[in-house]
Amino acid sequence: MKFIIFILSSILIVCISYVIGFEKPGATTTTTEPTLGNLQNIKNDRSISSNPPLPFLSRKQFKYNVVLKKNKNKENKQQQKQEKKQEQEQKQQEQIQQEQIQQEQKQQEIKENSEENNNNNNNNNNNNNNNNENEDTTTILTTATIPVATTTATPDDNGNNNNDEYNTINMASKDGSIYKCLIPKPVKEAKEKWIQIPSIDAIKESLSQLKPKCIKSANPGLWWSYEFCYLDKVRQMHVEKNEVQSEFILGNYVDSPQNGAIKGIDQSILEKYMKKEITEFPHSTTSPSNSLPYFSEKYEDGTVCEVLNIKRHTEVRYYCSKDAIQPTIQEIGEPSSCAYLLKILTNRMCIHPLFQPKQNKALDIQCTKI
């Protein structure tokens with residue numbers, strides 16, 4: 001037993017001496033001289049061992065560091081976006097400033113050109129006046145190209161100019177030619193003569209020539225087409241291959257002396273005109289169906305309308321149009337459910353100035369070369 005304990009203790013001593021680095025008694029030690037490579041390795045080992053050890057982080061600290069990094073990245077991205085926006089805004093402001101500068105330069109150029117043209121025209125006018133005192137000039141009919149506007153010469157047949165009707169202005173063309181232009185003076189229009197307004201029977205008699213034929217709307221691309229037969233009916237129909245597939249009667253003529261009236265004008269104006277207190281009506285130069293007076297008739301007792309369970313009815317309005325030798329349907333609509341409005345253009349309504357649109361006369365400018 002003592003022998004076994006002795007052996008185990010000796011083994012332990014040997015192991016401990018090996019671990020600690022003690023040499024065994026009687027062992028020979030070998031010494032090696034250091035080389036350059038070994039010295040470098042020793043230095044590297046020392047430098048590595050000199051660095052302090054990395055700190056140990058817990059899970060909470062690690063997560064906190066990750067969140068901080070993410071927040072920093074977001075802040076950096078936001079800053080970059082803001083910087084880009086600021087750069088874009090600066091560029092836009094610079095562009096706007098450049099455009100404003102260019103516009104100002106253009107306006108200045110235009111002003112300078114206009115001033116130069118005016119000065120040239122004044123000089124030319126002075127020269128022309130001096131030349132006219134000493135020499136007689138012959139007039140040649142040409143087309144004057146004026147810097148401000150282009151006008152076509154339309155001289156009188158006799159070559160005479162009436163100073164009471166025209167204003168004379170000397171103007172220059174682009175090629176330097178001088179023209180004497182006669183501009184008409186504004187003329188006061190003569191007052192219209194008083195004419196008796198036709199009665200309802202007279203208007204119906206004038207429209208009676210519409211009776212032989214029916215008027216059809218020319219809208220082939222639409223689903224519904226319309227037909228108006230004077231003193232008969234208004235019809236809405238769907239046609240395919242020249243055959244009527246379905247139709248609705250929008251109203252039948254009401255034969256009554258009360259069916260027909262002049263509308264589209266204040267009744268007080270009509271009364272004043274009938275009393276000869278005024279001789280003119282306030283006319284409009286717009287399209288016929290906008291503000292001109294018209295003659296109105298009613299067409300009732302059409303096909304039953306399912307929306308309101310009443311019969312369809314139509315108001316037919318006749319307008320003056322000197323160009324409408326053949327009557328035409330200008331417009332048809334449905335202002336309210338089951339109630340229709342039909343507008344007819346015909347020259348048969350131009351029987352009185354009341355229904356006629358006012359026309360502005362164009363006056364020509366006459367220019368002759370000096």
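You'll find the structure just up there.
Residues numbered from 1 in each chain as written. Predicted model: local features only at pLDDT ≥ 70, side-chain atom pairs only at ≥ 80, totals over all residues. Heavy atoms only, no water.

**Regarding the sheet that holds strand 16 (residues 366–369)**
Read across the open sheet, the three strands follow the order 3-4-16; overall the sheet is antiparallel. Only two strands of the sheet have a single neighbouring strand rather than two, namely strand 3 (166–172) and strand 16. On average, each strand axis in the sheet is tilted by 25° relative to the strand beside it, whichever way the strands run. Sheet analysis places strand 3 next to strand 4 (residues 178–184), joined by seven bridges and oriented antiparallel. (Pairing = 2+ DSSP bridges. Helix = DSSP H or I, 4+ residues; strand = E, 2+ residues; numbered from the N terminus. Axes fitted to C-alpha atoms, helices over the stretch in contact; angles between N-to-C directions.)

**Looking at the pattern of salt bridges**
Going through the model one piece at a time under the given rule, you end up with five salt bridges. For Arg235, the salt bridge is made with Glu247, and the minimal N-O distance between the two is 2.8 Å. Highlighted residues: Arg235 in strand 7 (residues 233–240) and Glu247 in strand 8 (residues 243–253), separated in sequence by twelve residues. On the accessibility criterion, Arg235 (17% relative accessible area) is buried. (Salt bridge = Lys/Arg side-chain N within 4 Å of Asp/Glu carboxyl O. Buried < 20%, exposed > 50% of the residue type's maximum accessible area, 1.4 Å probe, protein only.)

**Details of a nonpolar patch on the surface**
A grouping of Phe3, Ile4, Phe6, Ile7, Leu8 and Ile11 is seen on the molecular surface, where their side chains present a nonpolar patch of about 630 Å² in accessible area. Mapped onto the elements of the fold, Phe3 is located in helix 1 (residues 2–20). (Patch = residues over 30% accessible without salt bridge, like charges linked within 9 Å, V, L, I, M, F, W, Y side chains within 5 Å. Areas by Shrake-Rupley, 256 points an atom, 1.4 Å probe, with all protein chains shown as cover.)

**Description of the nonpolar core**
The biggest cluster of nonpolar side chains holds 29 residues, and the ones touching the most others in it are Phe228 and Tyr318. Those elements giving two or more residues to this core turn out to be helix 4 (200–207), strand 6 (225–229), strand 8, helix 5 (267–274), strand 10 (294–300), strand 13 (313–320) and strand 15 (339–346). Sequence-distant contacts of Phe228, that is, excluding residues within four places in its chain, are made with Cys214, Ile215, Lys233, Val234, Tyr299, Val316, Tyr318, Leu342 and Ile344. (Core = buried A, V, L, I, M, F, W, Y, C linked by side-chain atoms within 4.5 Å. Contact = heavy atoms within 4.5 Å.)

**Re unusual backbone geometry**
Backbone geometry places Lys241, a non-glycine residue, at a positive phi of 55°. Secondary-structure assignment places Lys241 in the loop between strand 7 and strand 8. The residue Asn309 is not glycine, and still its phi comes out positive at about 60°. Here Asn309 lies in the loop between strand 11 (304–305) and strand 12 (310–311). For Asn309, a relative accessible area of 63% puts it in the exposed group.

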